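Residue strings, one per chain:
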Amino acid sequence: LISWCFGGFLEAAAGYGTAVAIPIGILIALGFNPLKAAIASLVANTVPTAFGAVGIPVSILAEQVNLPVFTLGGTIIMQLALFNILLPFVIICIIGGGLKAIRGVFFITLICGITTLVPQYFVAIHLGAELPAFAGSLVSLFAVAILGRLRNGKTAPEWRIETSHTRETTPRSAKVLFRVGSIYLFIFIFILLCSPLFPAVKAAASQLASVLHFTLADGKTLALKIEWVTTPGMLIIFATLIGGFIQGASARGMLE
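Predicted model, so just to flag it, every value in this text is computed and none were measured.

Some words on the overall build of the protein chain
Tallying secondary structure elements over the protein chain gives 12 helices and 2 strands in all. Secondary structure elements of the protein chain, listed N to C terminal, follow the sequence α-α-α-α-α-α-α-α-α-α-β-β-α-α. Once the C-alpha set of the protein chain is aligned to its principal axes, its extents read approximately 70 × 45 × 35 Å. In the protein chain, which comprises 256 residues, the share counted as buried stands at 37%. Put simply, of all contacts in the protein chain between residues at least 6 apart along the chain, 65% involve residues at least 24 apart. Counting only carbon and sulfur atoms, one obtains 69% of the accessible surface of the protein chain, whose full area is about 14,700 Å². When the 15 basic and 9 acidic side-chain charges of the protein chain are each reduced to a single mean position, those positions are 12 Å apart.

This is how it looks when you write it as structure tokens:
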């Protein structure tokens, strides 16, 4: 749930190390061995980095090599299909100290990989590079959470993954959870609105753009179009500012 599903969502939304640093901190706070938590989170962040933050690497590559982003995204996911299935098992083995840790959670771990792979592929070939990592991480997160809730029976003591300590936690209100996750929530919403799912919104937002012309050495002119609203980087900035205000940050504080 934390390293693979939530970490994958963080990589899709922000990238730049957040998908490793945040899950490590959560796992350590839950009592897991710090070294194992770090290794598991690093391993979990191998596949999601193919699309990076909001699919920027794939989108840019598609433009540079003049390939349809739908075809390129689908091909990348198929190349990583085996790793999508196997890496959740590897993470369990790292945290649990060996293959014995898989016993009792084999089915959930398998479903975790499958529910990551399938949504990613279909979203990539139909909607582009921005949303596949979001779709895979969110679907797998809900699938694992639901299966964990429905799971009957307790794991035998010899197959349990023990943590160094346990403590009672107070359930957080929906308001608190919204404030904490507001930045990532708005990133997802903005990217979704600017995707092919909402062509009218995307078309309207794309009107705010500039075209820069550069003269190359051979005398040809290169036109570079900058879309000031629909560019993934700008969407992240907008979401960060709105989420920051919701969390109580001042404009001056965020600029500093």
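From this point, things continue past the structure.
A closer look at the domain arrangement of the protein chain
Assigned domains within the protein chain: domain 1 (1-159) and domain 2 (174-247). Across the boundary between the two partners, domain 1 contributes 12 residues, which contact 10 residues of domain 2. For the pair domain 1 and domain 2, the summed buried surface comes to about 1,000 Å²; carbon and sulfur atoms form 88% of the total. Ranking the residues of domain 1 by area buried against domain 2 places Val54, Leu127 and Leu131 at the top, with a combined share of 40%. One can count 0 salt bridges joining domain 1 with domain 2.

A look at the packing of aromatic side chains
One pass over the full model with this rule turns up 4 aromatic pairs. Summarising the aromatic geometry, the rings of Tyr121 and Phe122 are spaced 5.7 Å apart at their centres and angled 80° between planes, so their arrangement reads as edge-to-face. Using a relative accessible area of 27% as the deciding quantity, one classes Tyr121 as partly exposed. Accessibility expressed as a relative area gives 48% for Phe122, which makes it partly exposed. A ring pair is formed by Phe186 and Phe190, whose centres lie 5.8 Å apart and whose planes are at 35°; its orientation type is tilted. On the criterion of helical spacing, the pair formed by Phe186 and Phe190 is a turn pair, its members being 4 residues apart in helix H9 (residues 174-193).

Structural notes on the UniProt feature "transmembrane region" (unreviewed entry) in the protein chain
Listed under "transmembrane region" (unreviewed entry) in the UniProt record, and renumbered for this structure, are residues 12-32, 39-62, 74-97, 104-125, 131-150, 176-198 and 228-246. Within residues 131-150, the helical portion is 95% and the strand portion 0%, while the C-alpha atoms at the span's ends are 28 Å from each other. Helix makes up 78% of residues 176-198 and strand makes up 0%, while its end C-alpha atoms are separated by 30 Å.

Focus: H9
Residue pairs three or four apart in sequence face the same way in an α-helix, which turns once every 3.6 residues. Between the first and last C-alpha of H9 there are merely 24 Å, a value that for 20 residues lags more than 12% behind the 28 Å anticipated at 1.5 Å per step. Approximately 65° is the largest bend angle found in H9, and it occurs at Ser182. Here H9 has its buried residues at Ser182, Ile183, Phe186, Ile187, Phe190 and Ile191. Where H9 is buried, its residues touch helix H1 (2-13), helix H8 (132-150) and helix H11 (232-246).

Topic: the packing of helix H7 (residues 106-127) against H8
Each pair of packed helices gets described by two things: the angle between the helix axes and the distance between those axes. Taken N-terminus to C-terminus, the directions of H7 and H8 make an angle of 150°; their axes are 7 Å apart at the nearest point. As the angle between them shows, H7 and H8 are arranged roughly antiparallel. Considering how the two elements wind past one another, H7 and H8 form a crossing that is right-handed. Contacts between H7 and H8 pair Phe107, Ile108, Ile111, Cys112, Thr115, Thr116, Pro119, Gln120, Val123 and Ala124 from the former with Pro132, Ala133, Ala135, Gly136, Val139, Ser140, Ala143, Val144, Leu147 and Gly148 from the latter. In terms of residue class, the contact of H7 with H8 is made up of 14 nonpolar, 6 polar and no charged.

Quick word on a nonpolar patch on the surface
On the surface, Phe178, Leu185, Ile189, Leu193, Leu197, Phe198 and Val201 cluster together to form a nonpolar patch covering roughly 520 Å² of accessible area. Top contributing element to the nonpolar patch by residue count: H9, with 4 residues. Within the secondary structure layout, Phe198 lies in the loop between H9 and helix H10 (199-206). Phe198 gets classed as partly exposed once you look at its relative accessible area, which sits at 33%.

Re H7
With 22 residues, H7 extends 32 Å between its outermost C-alpha atoms, agreeing within 8% with the 32 Å of an ideal straight helix rising 1.5 Å per residue. Following H7 by one or two positions, Gly128 adopts a phi angle in the positive range, close to 105°.

Observations regarding the environment of Phe6
Tracing the backbone through its elements, the reader meets Phe6 in helix H1. When the C-alpha atoms of Phe6 and Pro34 are compared, they prove to be 18 Å apart, with 28 residues separating the residues in sequence.

Scoring rules and cut-offs
Residues numbered from 1 in each chain as written. Predicted model: local features only at pLDDT ≥ 70, side-chain atom pairs only at ≥ 80, totals over all residues. Heavy atoms only, no water. Helix = DSSP H or I, 4+ residues; strand = E, 2+ residues; numbered from the N terminus. Buried < 20%, exposed > 50% of the residue type's maximum accessible area, 1.4 Å probe, protein only. Contact = heavy atoms within 4.5 Å. Areas by Shrake-Rupley, 256 points an atom, 1.4 Å probe, with all protein chains shown as cover. Lys, Arg positive; Asp, Glu negative; His and termini not counted. Charge placed at Lys NZ, Arg CZ, Asp CG, Glu CD. Domains from an automatic or database assignment. Buried area = accessible area lost by both parts, 1.4 Å probe. Salt bridge = Lys/Arg side-chain N within 4 Å of Asp/Glu carboxyl O. Phe/Tyr/Trp six-rings, centres within 6.5 Å; stacked < 30°, edge-to-face > 60°. UniProt positions renumbered as here; feature names shortened; annotations may be inferred. Expected span 1.5 Å × (residues − 1). Bend = angle between axes of the 7 residues up to and from the residue. Axes fitted to C-alpha atoms, helices over the stretch in contact; angles between N-to-C directions. Parallel < 35°, antiparallel > 145°, perpendicular 65-115°, else oblique. Left-handed = near helix turned anticlockwise from the far one by under 90°. Nonpolar A, V, L, I, M, F, W, Y, C, P; charged D, E, K, R; others polar. Patch = residues over 30% accessible without salt bridge, like charges linked within 9 Å, V, L, I, M, F, W, Y side chains within 5 Å.

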